[in-house]
Amino acid sequence: MSKLLVKGGSSLNGEVRIKGAKNAILPILAATVLTEEECVIRDVPHLTDIANMLRIIEGLGAKCLVEQDVITVKNDDLTSHNVPTDLAKELRSSFFLLGPILGRMRRAVVAYPGGCDIGVRPLDIHLKGLREMGIAIEESHGMIYCDGGRLKGADVALDFPSVGATENLMMAAVLAKGTTRITNAAKEPEIVDLQNFLNAMGAKVSGAGSGRITVEGVPKMHGCTYTPIPDRIVAGTLLIAGATCGGNVCITNAVPEHLEPLLFKMSKSTCVISQQSDRISLSASGRPRGFDKLETQPYPGFPTDLQSQMMVMMSVAEGTGVIVENIFETRFRIVRELTKMGAMITVKDRAAVIRGVKRLEGAAVSAGDLRGGAALVIAGVRADGYTVIDHANYIDRGYESIEKTFGALGAEIKRLE
Ligand code: EPZ
């Protein structure tokens, strides 16, 4: 378990180019299973979640090659339809391999997935949709056995706009006979990116981003070369860091539209934000002005994946604010760690009340999940003195060498193996 040593007190100044989005690339890598031809994915950051997804599809028989930020995948000789427990427990996203494996091989055995401990994260919406598409599903001893012999297009209404369930059903539908209509589908930009990737492979998917997705089944898919959208959560993390620590941060290769909920919120604070095509610049000095309320919602609402980072900003802002976390039931683990640094936060059910303090003090803290870990890095840069962040490997799941990224902006962060 690696640690990060963060020296507090720096402002952040400089420019960072944002790479491909983890939460777009993971379903895209799963979707490569749908063809035996070669797929090339560009602008891929080096993240442990992506490395683990590659290990899982290699376990199915895929040939994967990583050269700098380009991944080449060929699934011409799949030898297994089984996602074993040891790999599935590393990654929640292993579960949305179910759809493509069923689409390609009509059979699948997947272990219950792991992933960040931010809630119960059940799979009922995935399984209900797949059953409506004719998949016979047995669950026993933590394994899920699927027979896709009767896979067919169907009308599926999701009880909640689950990102993973939407992606799983899209990928199960592209090679199924007939038409599938998914209503109350997730609208995240990563869903639109998956649609674009599937269509680049020869699928007929439409409506992604609207909440109503239609998939016309096709007999075969082919390979393609694809550049995924930039990572809006990494971009948002850096902007929040700039607003919290002060300075001038510019991010390039960003899509401002994907960050609208954050940019709107920030425009109410003391920082100055400007946008030109794919560049977003933020300048901030002194204490940020807080927000009276922040509620996380499915896209296009405020993203849950930026909630912990906003909590850090609000913990040093003027005034008192409330965060309501509507997506995951236990995404407030960071509160205990921020309290060690002098933050004044109380939690009741899904609401956290944050009373802004002038300063945080460096302390020994522990990352409990990916985004909470990134938020602790922001807190460490903003604090007085030194902060040691344990379990930094959580952060590496979604941020490519975070110490180098923040270092390029002037922060002093060292990795202690
Ligand atoms: C995706 O997770 C993202 N992960 C998460 O990002 C993100 O926080 C989440 O979507 C919400 O935007 C990837 O894309 C790899 P959901 P996912 O299914 O698909 C409940 C990060 O930090 N639910 O939309 O697992 C679930 O419990 C990660 O990059 C069911 O009840 O999220 C949660 O409360 C963290 N039954 C809500 O829906 C189901 O069958 C949203 O979950 C499925 C989900």
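Note that the structure is predicted; figures quoted are calculated from it, not measured.

Undergrad: Even after reading the chapter, I still don't get the domain arrangement of the protein chain, so can you show me in this structure?
TA: Buried accessible area, meaning the area lost when the parts come together, often serves as the stated size of an interface. Assigned domains within the protein chain: domain 1 (3-18 + 230-416) and domain 2 (22-226). A separation of 30 Å is found between the C-alpha centroids of domain 1 and domain 2. Tallying the contact residues gives 25 residues for domain 1 and 23 residues for domain 2. Carbon and sulfur atoms supply 50% of the area buried between domain 1 and domain 2, which totals about 2000 Å² over both sides. Considering only the surface of domain 1 that becomes buried against domain 2, Tyr 299, Arg 397 and Glu 400 emerge as the three largest contributors, covering 33% of it. Between domain 1 and domain 2 we count three salt bridges in total. Of the charged contacts, one joins Glu 190 and Arg 232 as a salt bridge, the two residues approaching to 2.8 Å between their closest N and O atoms. The interface formed by domain 1 and domain 2 contains eight residue pairs in polar contact (both at pLDDT 80 or more).

Undergrad: Explain helix α6 (residues 163-173) to me, please; I cannot follow it from the model alone.
TA: Within α6, 10 of the 11 residues are buried, which leaves it mostly tucked inside the rest of the structure. Every buried residue of α6 is accounted for by Gly 164, Ala 165, Thr 166, Glu 167, Asn 168, Leu 169, Met 170, Met 171, Ala 172 and Ala 173. With a side-chain oxygen positioned 2.9 Å from the backbone nitrogen of Ala 165, the residue opening α6 is Ser 162.

Undergrad: Even after reading the chapter, I still don't get the pattern of salt bridges, so can you show me in this structure?
TA: If the charged atoms of two oppositely charged side chains come close together, the side chains can form a pair. What the rule picks out here adds up to 21 salt bridges. Of the charged contacts in the structure, one is a salt bridge between Lys 22 and Asp 49, with a shortest N-O distance of 3.4 Å. Of this pair, Lys 22 sits in helix α1 (residues 22-31) while Asp 49 is found in helix α2 (residues 48-60), placing the two residues 27 residues apart along the sequence. Grouping residues by exposure puts Lys 22 and Asp 49 together as buried. A salt bridge links Asp 349 to Lys 348; the nearest nitrogen and oxygen atoms lie 3.8 Å apart.

Undergrad: Is there a simple way to explain the side chain of Thr 72 in this structure?
TA: Within the secondary structure, Thr 72 is located in strand β5 (residues 70-74). Contacts of Thr 72, omitting those with residues within four sequence positions, involve Glu 38, Cys 39, Val 40, Lys 63, Cys 64 and Leu 65.

Analysis parameters
- Residues numbered from 1 in each chain as written.
- Predicted model: local features only at pLDDT ≥ 70, side-chain atom pairs only at ≥ 80, totals over all residues.
- Heavy atoms only, no water.
- Domains from an automatic or database assignment.
- Contact = heavy atoms within 4.5 Å.
- Buried area = accessible area lost by both parts, 1.4 Å probe.
- Salt bridge = Lys/Arg side-chain N within 4 Å of Asp/Glu carboxyl O.
- Polar contact = N/O pair within 3.5 Å; in protein donor to acceptor, adjacent residues only side chain to side chain.
- Buried < 20%, exposed > 50% of the residue type's maximum accessible area, 1.4 Å probe, protein only.
- Helix = DSSP H or I, 4+ residues; strand = E, 2+ residues; numbered from the N terminus.

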